[in-house]
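Understanding the architecture of this molecule
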Amino acid sequence: MELKFDKGENFKERLEFVHYYAEWVKRVPNEVWSKQQAELIDSFMVNAINFKMTPEKYLEMVNK
Amino acid sequence: MELKYEPGKIKIENKVFTALDEFVSDFMKLLEGYTDYVIVSGYVVILFGRARGTEDIDTIIRYMDKDTFTSFYQRLSREGYYFLNPEDVNGLYEMLEEGLRVRIAKEDTIIPNIELKFVKDDFDRYSIDNRLEVVIGEKHLFISPIELQIPYKLYLGSDKDIEDAVYLWDIFKGEIDVSLLGRFMKALNVRGKEYGIEV
């Protein structure tokens, strides 16, 4: 079985997107980029209640 | 993006306050009644627009004596927070004194959480001594200088951290002290040229 995924190329594309996105943020007013960001962040926050790990398991995970 | 710069301060006007901003702001408002703090790492990038989430908010605090910490611990409990670490107040304080990190979340949640640690090294000390005040409407937060954030992210070195460093550079490159950035990059032995970070 062959995995056709070039990690290096993928990272390069991700960095290109970071540049593209940063230029967009710089170009638009604060209320525009922050409104879109808020939709994403707020959805993460709503979904945080579904995080079913115990504190002990979470600490074990992050302290590895 | 419109940012207003004053010495030691950045103002972000007309920013939509996210639920994460609210969580961080509410906690820091409590914390600053007990000690100075500086937010480092992922949340700093998110504050300036990066479209990603974070599970935790890394925060460095100045030393608190045990009585002050106990008072802070009790206040947090009254305000609906709890420590994820399975220690009592004495154990938590010992952890901080030993240079370890403690995590605090709102009751019945695990994430997001605030990760607290005492100032430990010169970089921590520089961060908190030279922290930047970010003003968003009526609220304010203190973050690490961008000139240290970028090299630190490169030092951490994961793909996500490098993306964060590149993002901060793209947002702030006209405004930061590039010479200071270069000094920190040298001190942390990191290079950014391959990512377009030119010092």
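Residues numbered from 1 in each chain as written. Chains lettered and ligands numbered in written order. Predicted model: local features only at pLDDT ≥ 70, side-chain atom pairs only at ≥ 80, totals over all residues. Heavy atoms only, no water.

Moving on, we get to the packing of helix H1 (residues 19–31) of chain B against helix H3 (residues 66–78) of chain B. Residue and element names in this part refer to chain B. Following both chains from N to C, one finds H1 and H3 inclined at 145°, their axes separated by 10 Å at the closest point. The element H1 and its partner H3 pack so that their crossing is right-handed. Packed against H1, whose contacting residues are Phe 27, Leu 30 and Leu 31, the element H3 presents Phe 72, Arg 75 and Leu 76 at the interface. (Axes fitted to C-alpha atoms, helices over the stretch in contact; angles between N-to-C directions. Helix = DSSP H or I, 4+ residues; strand = E, 2+ residues; numbered from the N terminus. Left-handed = near helix turned anticlockwise from the far one by under 90°. Contact = heavy atoms within 4.5 Å.)

Moving on to a negative patch on the surface. Where like charges cluster on the molecular surface, the negative patch consists of Glu 87, Asp 88, Glu 94, Glu 97 and Glu 98 of chain B. Mapped onto the elements of the fold, Glu 87 of chain B is located in the loop between strand S5 (81–83) and helix H4 (89–97). (Patch = residues over 30% accessible without salt bridge, like charges linked within 9 Å, V, L, I, M, F, W, Y side chains within 5 Å. Areas by Shrake-Rupley, 256 points an atom, 1.4 Å probe, with all protein chains shown as cover. Salt bridge = Lys/Arg side-chain N within 4 Å of Asp/Glu carboxyl O. Lys, Arg positive; Asp, Glu negative; His and termini not counted. Charge placed at Lys NZ, Arg CZ, Asp CG, Glu CD.)

Looking down a regular strand, the side chains alternate between one sheet face and the other. Residue and element names in this part refer to chain B. Residue alternation in strand S2 (residues 9–12) divides its side chains into a buried set, Ile 10 and Ile 12, and an unburied set, Lys 9 and Lys 11. As judged from the four bridges shared by strand S1 (residues 3–6) and S2, these two strands associate in the antiparallel manner. Across the sheet, the residue bridging to Lys 4 is Lys 11, located in S2. Here three bridges tie S2 to strand S8 (residues 132–136), and the two strands are oriented parallel to one another. Its bridge partner lying in S8, Lys 11 is registered against Val 135. (Buried < 20%, exposed > 50% of the residue type's maximum accessible area, 1.4 Å probe, protein only. Pairing = 2+ DSSP bridges.)

Further remarks concern the pattern of salt bridges. For the structure shown, the criterion picks out 23 salt bridges over all chains. The salt bridge involving Glu 13 of chain B is made with Lys 4 of chain B; its shortest N-O contact spans 3.2 Å. A residue is classified by how much of its surface remains accessible, and Glu 13 of chain B, at 35% relative accessible area, is partly exposed. For Lys 4 of chain B, a relative accessible area of 45% corresponds to the partly exposed category. A salt bridge links Asp 129 of chain B to Arg 62 of chain B, with the nearest nitrogen and oxygen atoms 2.9 Å apart. Taken together, the residues Asp 129 of chain B in helix H5 (residues 122–129) and Arg 62 of chain B in the loop between strand S4 (56–61) and H3 connect sequence positions 67 residues apart. The class for Asp 129 of chain B is partly exposed, based on a relative accessible area of 47%. Judged by its relative accessible area of 29%, Arg 62 of chain B is partly exposed. Via salt bridges that share partners, Arg 14 of chain A together with Arg 50, Arg 52, Lys 153, Asp 161, Glu 163 and Asp 164 of chain B belong to a single interconnected network.

With that settled, the discussion passes to the side chain of Lys 15 of chain B. Assignment of secondary structure puts Lys 15 of chain B in the loop between S2 and H1. A polar contact of 2.5 Å, which involves the side chain of Lys 15 of chain B, links it to the side chain of Asp 21 of chain B. (Polar contact = N/O pair within 3.5 Å; in protein donor to acceptor, adjacent residues only side chain to side chain.)

Residue and element names in this part refer to chain B. Taken domain by domain, chain B holds domain 1 (3–144) and domain 2 (147–191). Contact residues are listed per partner, giving 16 residues for domain 1 and 15 residues for domain 2. Here domain 1 packs against domain 2, burying approximately 1400 Å² in sum over the two surfaces, 65% of which is carbon and sulfur. Summed over the shared surface of domain 1 and domain 2, the number is three salt bridges. In this structure, Arg 52 and Asp 164 form a salt bridge, with 2.6 Å as the shortest nitrogen-oxygen distance. Applying the counting criterion to the domain 1 and domain 2 interface returns five residue pairs in polar contact (both at pLDDT 80 or more). Those elements that place two or more of their residues in the side of domain 1 that touches domain 2 are S1, helix H2 (42–47) and H5. (Domains from an automatic or database assignment. Buried area = accessible area lost by both parts, 1.4 Å probe.)

Here the focus is the interface of chain B and chain A. Taken residue by residue, the interface counts 39 residues in chain B and 34 residues in chain A. Here chain B packs against chain A, burying approximately 3200 Å² in sum over the two surfaces, 66% of which is carbon and sulfur. Looking only at chain B, the three residues that lose the most surface to chain A are Met 1, Ile 110 and Glu 163 of chain B, adding up to 19% of its buried area. Scanning the region where chain B abuts chain A turns up one salt bridge. The partner of Glu 163 of chain B in a salt bridge is Arg 14 of chain A, and the shortest N-O contact between them spans 2.6 Å. Remark: the boundary between chain B and chain A carries 16 residue pairs in polar contact (both at pLDDT 80 or more). Of all the elements in the fold, those that place two or more residues in the side of chain B that touches chain A are H1, H2 and helix H7 (159–172) of chain B. If you tally residues by element for the side of chain B that touches chain A, the top one is H7 of chain B, at seven residues. Residue composition of the side of chain B that touches chain A, by class: 21 nonpolar, six polar and twelve charged. (Nonpolar A, V, L, I, M, F, W, Y, C, P; charged D, E, K, R; others polar.)

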